[in-house]
Amino acid sequence: MDGFAQALGQIPEGYSQGIYQGQRWRMEKTTYTHGRSVKFYARPLSGTEFVSLNLYHLASGDLLKPCEMAEAKVRDFVLGVRVLGAAP
């Protein structure tokens, strides 16, 4: 899955914030089934846009499932967001 899975792995588990295209975003990442699947959701602190995905680590390779959006939008966000840190 190239650098995508690695970039998603750099986003902290649970709640965090990041900067993407000049906007501050809230992000939530949850890992399930002993690390075999990841659910991710992000939205700007102001606005209605969002990014949502599920990533499954299968024996045959990673499977990215964007939720109601183009895969390119999901990839651009995850590869482009600058993580500010986890909430206390």
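Residues numbered from 1 in each chain as written. Predicted model: local features only at pLDDT ≥ 70, side-chain atom pairs only at ≥ 80, totals over all residues. Heavy atoms only, no water.

Undergrad: I keep staring at the pairing of strand β5 (residues 61-66) and nothing clicks. Help me out?
TA: On a regular strand, one side chain projects to one face of the sheet and the next to the other, so that they alternate. Relative to β5, strand β4 (residues 51-58) is paired through 6 bridges, and the arrangement is antiparallel. Each residue of the ladder has a partner; that of L55, found in β5, is L64. As consecutive antiparallel partners, β4 and β5 are separated by 2 residues. (Pairing = 2+ DSSP bridges. Helix = DSSP H or I, 4+ residues; strand = E, 2+ residues; numbered from the N terminus.)

Undergrad: Just to check I follow, could you spell out the packing of aromatic side chains for this structure?
TA: The way to describe two aromatic rings as a pair is by their centre distance and the angle between their planes. In this structure the tally under the stated criterion is 5 aromatic pairs. Both rings, one in Y41 and one in F50, keep their centres 5.9 Å apart while their planes meet at 25°; by these two values the pair is stacked. Residue Y41 is classed as partly exposed on the basis of its relative accessible area, which comes to 32%. By relative accessible area, which is 27% here, F50 ends up partly exposed. Within the aromatic cluster, the residues linked to one another by ring pairs are Y20, W25, F40 and F77. (Phe/Tyr/Trp six-rings, centres within 6.5 Å; stacked < 30°, edge-to-face > 60°. Buried < 20%, exposed > 50% of the residue type's maximum accessible area, 1.4 Å probe, protein only.)

Undergrad: Sorry, what's going on with the nonpolar core here?
TA: Generally speaking, soluble globular proteins have nonpolar side chains that are buried together. Judged by nonpolar contacts, the single largest core of 19 residues is most densely connected at F4, L8, F40, V51, L53, F77 and V78. If you list the elements that add at least two residues to this core, you get α1 (4-10), β2 (23-32), β3 (37-44), β4 and α2 (71-80). (Core = buried A, V, L, I, M, F, W, Y, C linked by side-chain atoms within 4.5 Å.)

Undergrad: Explanation requested: the environment of A59 in the structure shown.
TA: Looking at the element boundaries, A59 is found in the loop between β4 and β5. Relative accessible area serves as the criterion here: at 93%, A59 is assigned to the exposed category. Residues A59 and P12, spaced 47 residues apart in sequence, show a C-alpha to C-alpha distance of 24 Å.

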